[in-house]
Every structure is written in C-alpha cells, then in structure tokens.
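# Architecture and fold: a report
Listed below are the residues making up each chain.
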Amino acid sequence: MIRKTTIRNLLPAFILFLAGMAWSDGGTFTPLTKPYHVVFEGLSGTDLEPLFKQVSDTWNYRNAPPPTMALLHMRMRRDSSGFKKLLMSRGYFNAEIQSDISGVPDDLTARITVLLNKPFVFGTVQIVFTNTLRGMMPEIPARAVLGLVEGERAYYRTVTIGRSRLLDEVRRQGYPFVKVTSEVVTADYASERVNVRWVLEAGMQAKFGTLDVIGLKRVKRSLIQKMVPWKKGALYNPSDVRIFQDLLASSGLFSVSILSMQSAEKTDDTVEMKLEVTERPRHSVGFGVGYNTEKGAGVSANWEDRNLFGEAECLHAEVSVAENQTQGELSYCIPHFFHRSVALKAFSRLGDDRPRAYDSVYWKNQLGMSWDLSPQLNLSCAYALKIASVQQFDETQKYYLQSFPTSVRWDFRNDRIEPTRGGVLFAEGEYFTNWKDQSRFIRERFRWRQIVKLWSIPQITLSGSCGLGLIQGGDVFDIPADERFYAGGSDTIRGYAYQMAGPLIDEDPTGGCSMLTLSGELCVKVYGPIGLVGFVDGGNVFEESVPSTEESLLWGAGGGLRVFSPVGAIGLEVGFPLNRRSVDAAYQFYITIGFQF
C-alpha cells in the first residue's frame, strides 16, 4: 500500500520531469543518452579551472547526463551561483558568466565562458571595540600585521586570515575573551575596492590564575609545573597556552589532554586554567621487519618505559639486525632538566657495521644536553667515548676516541610530516682525541635544505639542498675509516651505490676528509596522496680537507613515485649515474621514508 507521504515526496520530482519533457528543443522530447563534453573558456593563465571543476555538477556528472536538454540547462544555471561565489572569494566581483550548449544530442558540448574583468583590491579597514571593561582599550594592530594591505588583491581568505590574526593580536594584549560581534565586507563597484569593518567585544584584560590538574595517576604534578611557561599573575598570553599544549602533546604521557579557561566572576581580572588528562600506559613494546637500501633487509625489536620515575624519564632499549648492520642500544632521557626547554640525554650503543667501505665493531657511549631555544631552534652538546676496531683493505686498527659533538638545528618548515615551504639548516662540529696515540682532528658538517610550493592545484613543490663536510687534523688514512665522509645513496647522491660516489681503491671506497653535495627535486601530486618525483643530485668526496676545484662532481638523475602518508612520505625511486664509471651499475633503486635530511 502506497502511503500519502510517499506520494507527496515523489510529486515534485514527477512535476520536474514533466517540465523537462515539455521544455525541450522544438517542443519535443529528445532523451540524452551519451556523455557530453564540457569546455571552460576565459580561465587560461589562472588557477581557477581546477576550482571550477570541483564545484561544478556540469563537469562532475558529465558522464551521467540528465534525461533532457532542459534539465542540462538547469544544471548549468545551478552551477552559475557557485561559480560567482568562487570568483568573488578571489576578488572578481565584476566577472560575467555565460553558458550555452551546442551540438546534437549524441555529441553535446556544454560551454562555460567567463569574462573575469579587473579584480577588486582592498580599500578601508575599520576596527571598532565595544564593551571594554574598566575603560581599557586594546591597541589596534597595524594593517600590515593583519595582511590586508591597501591596494592589494582582495581575496576572501585574506579576510579570514586577517580576522584570526586580529583576535590573536588582541589576546596577546591580555584579552582572552575577545570575540567578533560583527563583520561587514562591502564591495564598492564604483571604486572597485573591498572595504572591511570589524566590531569586537574585547571583554576584560586578564591575568593567569591558578592551574587545576585533574586525572594524574603516576605522572607527578611537579612535572606539569615545569611545563607551564607562565607565572601566576602574569598577563594572559595565548602563545604561552599553545606552548603548554604542545609540551603536553609531545611528552607522549597522555592519550587525552584538555586545557580550558574560565573566569570566576565577571569583575575578576584572572582566568583560572583547568587541565584534564588521561595517562597513557607507560610501557610499550614494538617489533619491525623492513628493508633499507643501505642496510638491506632486517628485523628490529624495542621496549620503552616513558615515565620511569613519574617525570617523563624515558628508558628505551632497541636491537636491530640487518644484512649490513647489527646494533643494540640503551638510551635514557630526562626532559625538562632544570628548565622545560632543556633535556638530558644519554645512550650506550654496541654495533657491528659492515658497509662496502669498512667493517667496524664498536662500543659508543654519550652523555649530553639539548636546549630548545625556540620551537624552531635547537642547540645540543655532549661528551662521547667510542672504542672501535675498524678493518679496511685487510688492515685492522683499534681506536679509543673521545669527542665533544656540538650541533645547532633550525627547522623552519611549515609542517614536519609533509612540508610545502620552509626548510632545515643544520651545523655540527665535533672535536676528537685518540687516546691511543694522542692524535686529534675536527669534523664539521653543514646541511641546508629549502622547499617552496610552486603551484597549489595540482600541488607542485620544488626543493633543493646543499651539504658540506670538512675534517682537519690529518691525512685521509690518519682518520678512522668509520669517521670519514662517504657519498652515494638515498640521502646524498642518488644514482650511485651507497658510499661509492668518491675516491676508490680496487673498486672499494676509501672515504675522504671533505665532501660536497647538491640536490634539486620537483614533486607533483597527481592523484590524492600520490606524487611523481624528478631529481638531479651532484657531489663528490675528496681526500683533501677542503673540496678540490680540480676534481669534477659526479651527477645523478632520476625519478619515482611518492606516497604521502600520516607517518611521512614513502618513496620508491630509481637513479641513473650521469658520470658512470666502470664500477657503477646502470641504475640504483631507493626506498625512502619521511623528509630526507
């Protein structure tokens, strides 16, 4: 039995279908059975066409034509409103859109023509505060800070970013409860300018009050206090709140951490902070099976206690066995050592490395400290002691090395997992003393990598890097073989086997006292998280303590596939040596994970 509600729901669709039958060419019903073509005109030289296709039913359902020509006209008219909103969001308020259909029912072309005209620019920006308590008025930030520069192209996303920056700037002045009560964006067609007016309710200027923590079990409250970047009574600052939240997340101690604020009374000038946490299990065990281009196939196992004594002290043990490397390591870290930005780190490692250049059996111990000078800048220094037996060219030597490694790392990428702009600058110096013969040498390493986004849709990024390594204090064979520089492989010069891009003796690498590497890479996302990569790498290893201008660089080129995942980019690449020698294979395969540095 058909219900009345069912008939009532089907009736509009039936009437629309009859209207489509009536409104057709020549008053006759001509069904559309084949896919039609869609052409966009007037968008060349812009990045608008991919955006048009995203919001267009005419494009997205071109393989599913409606029953009649009239319904196709209706589909195109519905698209026009979405196109206009899209164009206005990018400053094209005077744009004109025309749609027409040509051809026969079996071969139709839906043509969308856009006349962009001149885009509007920003005009005036007005900011008004209301309901300021105790007569205190926040300072109005400069337009340059908000990003709404007069005379520049009026993108609506610039307005939304400006609103967010405005609220942040006011909150930094101690107004945590500021909010926008009115936003008016007006397009003046006479002057072709976009004017913006914001009305904000500032509320009270407040200070940090007490912090109430709920949910702690094994984690000590003293650790939370070390993480807090503000002092009670200090003027409220959202940057301090974000730093605290980042420290909570990076500690690895909590599965859930919720930080909230509230004012006890309307007239009170303090905000009470409340933290609710749920602790993670302190122990974890992991196992892995994998393949590394340099180390070969292998297995690994690890165990960790991330909260040994209640203040995030981390004890980590790991064992890995691969074709060219066997290694066991025990490490210990005390974060927030005297200060929330300082960590004390120590490790003891037993290893047996067997690359082509040498065999090294060693025991290395290191104790050091790491300072986060800012969220982007890290400084570390340590004392290390290494006992090693190194064999190269059928000669075995034993070393008793003490060293003082010091490094600085500036990471200004916009994202640690999938960066599209920014880069990493790294510098390290290490002073070595050999207890056996009292010989000394200094090793320095420098690396800079930069990445820029050339295009948004499809996403195209260009990255480049350069590296320099120097050793002073002796000839190449005075330096332990496992402390020299080597090139070739996925992180230096692709196209050449691991350690093989440099001086050789009987087809075996010797290593060198200096190294220079250069790299350029273009990545294009072709479908979802999948991208295509092309690269050119160059460089060489030199026996002298500085790169020699008399020796030419070795170059390699190639490409591959890269899949961007939540744990980082996973790449499969092939490289070809452009300066192929008799010892070089015609190509090399590489498997990479993450941002290569």
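Details of the structure are given in the entry above.
## Here we look at the overall build of the protein
Counting secondary structure elements, the protein contains eight helices and 27 strands. Here the C-alpha radius of gyration of the protein, 32 Å, is well above what a compact globule of 597 residues would show, namely 25 Å. By its C-alpha atoms, the protein is 100 × 70 × 60 Å across when sized along the principal axes. The buried share of the protein, reckoned over its 597 residues, is 40%. Counting only contacts in the protein whose residues sit at least 6 apart along the sequence, the fraction spanning at least 24 positions is 57%. Accessible surface, the protein as shown: approximately 31600 Å² in total, 57% of it carbon and sulfur. Measuring between centres, the 65 positive side-chain charges of the protein sit 9 Å from its 65 negative side-chain charges.

## Digging into the sheet that holds strand E1 (residues 37–41)
Through backbone hydrogen bonds, the strands of a sheet pair up, either in parallel or in antiparallel fashion. Pairing is mixed across the open sheet formed by three strands, whose spatial order is E1-E3-E2. Strand pairing shows two members of the sheet lacking a second neighbour, E1 and strand E2 (96–104), which therefore form its edges. The mean inter-strand angle of the sheet, taken between neighbouring strand axes irrespective of direction, is 15°. Pairing between E2 and strand E3 (residues 107–115): nine bridges, direction antiparallel. Along E3, the bridge assignment pairs Gln 98 with Thr 113. Here helix H4 (residues 69–89) sits on the sheet in contact with E1, E2 and E3, set at roughly 155° to E2.

## Describing the environment of Met 69
Its place among the elements puts Met 69 in helix H4. By relative accessible area, which is 9% here, Met 69 ends up buried. With 364 residues separating them in the primary sequence, Met 69 and Thr 433 have C-alpha atoms 85 Å apart.

## Overview of helix H2 (residues 48–55)
Inspection of H2 places Leu 48, Leu 51 and Phe 52 among the buried residues, and these make up the whole buried set. For H2, the angular spread of the buried residues around the axis is 105°, confining them to a single face. Residues of H2 that are buried make contact with E1, H4 and E3.

## Observations concerning a negative patch on the surface
A cluster of acidic residues, Glu 543, Glu 544, Glu 550 and Glu 551, forms a negative patch on the protein surface. Topologically, Glu 543 is positioned in the loop between strand E24 (530–542) and strand E25 (554–565). Note on Glu 543: relative accessible area 43%, which makes it partly exposed.

## So, the side chain of Ser 320
Tracing the backbone shows Ser 320 in strand E12 (residues 314–322). If we skip the residues at most four places from it in the chain, Ser 320 touches Val 299, Ser 300, Gln 325, Thr 326 and Gln 327.

## As for the nonpolar core
Leu 211, Ile 224, Phe 244, Met 273 and Leu 275 are the most contacted members of the largest nonpolar core, which totals 24 residues. For this core, the elements supplying multiple residues, two or more each, are strand E7 (207–214), helix H7 (221–227), helix H8 (238–250), strand E8 (254–262) and strand E9 (270–279).

## So, the pattern of salt bridges
The final tally for this structure, using the stated rule, is 29 salt bridges. Here Arg 354 and Asp 352 are joined by a salt bridge, their closest N and O atoms 3.1 Å apart. Look at Arg 354 and you get partly exposed, because its relative accessible area is 25%. According to the relative accessible area criterion, Asp 352 is partly exposed, its value standing at 25%. Residue Glu 573 is joined to Arg 562 by a salt bridge in which the shortest nitrogen-to-oxygen separation is 2.4 Å.

## Here's the deal with the environment of Phe 254
Locating Phe 254 in the fold gives a position in strand E8. Sequence separation of Phe 254 and Glu 49 is 205 residues, and the distance between their C-alpha atoms is 45 Å. Contact partners of Phe 254, with chain neighbours within four places excluded, come to Leu 216, Val 219, Ile 224, Leu 248, Val 277, Thr 278, Glu 279 and Arg 280.

## Thoughts on the sheet that holds E8
The strand order E7-E9-E8 describes an open sheet built from three strands, whose pairing is mixed. Whereas interior strands pair on both sides, the edge strands pair on one side only; in this sheet they are E7 and E8. Taken pair by pair, the neighbouring strands of this sheet meet at an average axis angle of 20°, ignoring direction. In the packing of H8 onto the sheet, the strands contacted are E7, E8 and E9, and the crossing angle to E8 comes to about 160°.

## Regarding a nonpolar patch on the surface
Where nonpolar side chains cluster on the molecular surface, the patch consists of Leu 350, Trp 363, Tyr 383, Ile 387, Tyr 400, Phe 404, Tyr 431, Trp 435 and Ile 442 and spans about 830 Å² of accessible area. Going through the elements one at a time, strand E16 (377–392) and strand E17 (395–411) are the ones with two or more residues in the nonpolar patch. Structurally, Ile 387 can be placed in strand E16. Judged by relative accessible area, which is 36%, Ile 387 ranks as partly exposed.

## Structural notes on the pairing of E25
By the bridge criterion, ten bridges tie E24 to E25 in an arrangement that is antiparallel. Within E25, the residue paired with Gly 534 across the bridge is Gly 559. Relative to strand E26 (residues 568–577), E25 runs antiparallel, the two being bridged by ten bridges. Its bridge partner lying in E26, Gly 558 is registered against Gly 575.

## Focus on the packing of H2 against H4
Interhelical geometry of H2 versus H4 gives an angle of 140° and a closest axis separation of 10 Å. Relative to H4, the element H2 lies oblique. Regarding H2 and H4, the two cross each other, and that crossing is right-handed. Here Leu 48, Leu 51, Phe 52 and Val 55 of H2 lie close against H4, whose contacting residues are Asp 79, Phe 83, Leu 86 and Leu 87. The residue makeup of the contact of H2 with H4, split by class, is seven nonpolar, no polar and one charged.

What counts and how
- Residues numbered from 1 in each chain as written.
- Predicted model: local features only at pLDDT ≥ 70, side-chain atom pairs only at ≥ 80, totals over all residues.
- Heavy atoms only, no water.
- Helix = DSSP H or I, 4+ residues; strand = E, 2+ residues; numbered from the N terminus.
- Rg over C-alpha atoms; globule rule 2.2 N^0.38 Å.
- Buried < 20%, exposed > 50% of the residue type's maximum accessible area, 1.4 Å probe, protein only.
- Contact = heavy atoms within 4.5 Å.
- Areas by Shrake-Rupley, 256 points an atom, 1.4 Å probe, with all protein chains shown as cover.
- Lys, Arg positive; Asp, Glu negative; His and termini not counted.
- Charge placed at Lys NZ, Arg CZ, Asp CG, Glu CD.
- Pairing = 2+ DSSP bridges.
- Axes fitted to C-alpha atoms, helices over the stretch in contact; angles between N-to-C directions.
- Arc of directions from axis to C-beta.
- Patch = residues over 30% accessible without salt bridge, like charges linked within 9 Å, V, L, I, M, F, W, Y side chains within 5 Å.
- Salt bridge = Lys/Arg side-chain N within 4 Å of Asp/Glu carboxyl O.
- Core = buried A, V, L, I, M, F, W, Y, C linked by side-chain atoms within 4.5 Å.
- Parallel < 35°, antiparallel > 145°, perpendicular 65-115°, else oblique.
- Left-handed = near helix turned anticlockwise from the far one by under 90°.
- Nonpolar A, V, L, I, M, F, W, Y, C, P; charged D, E, K, R; others polar.

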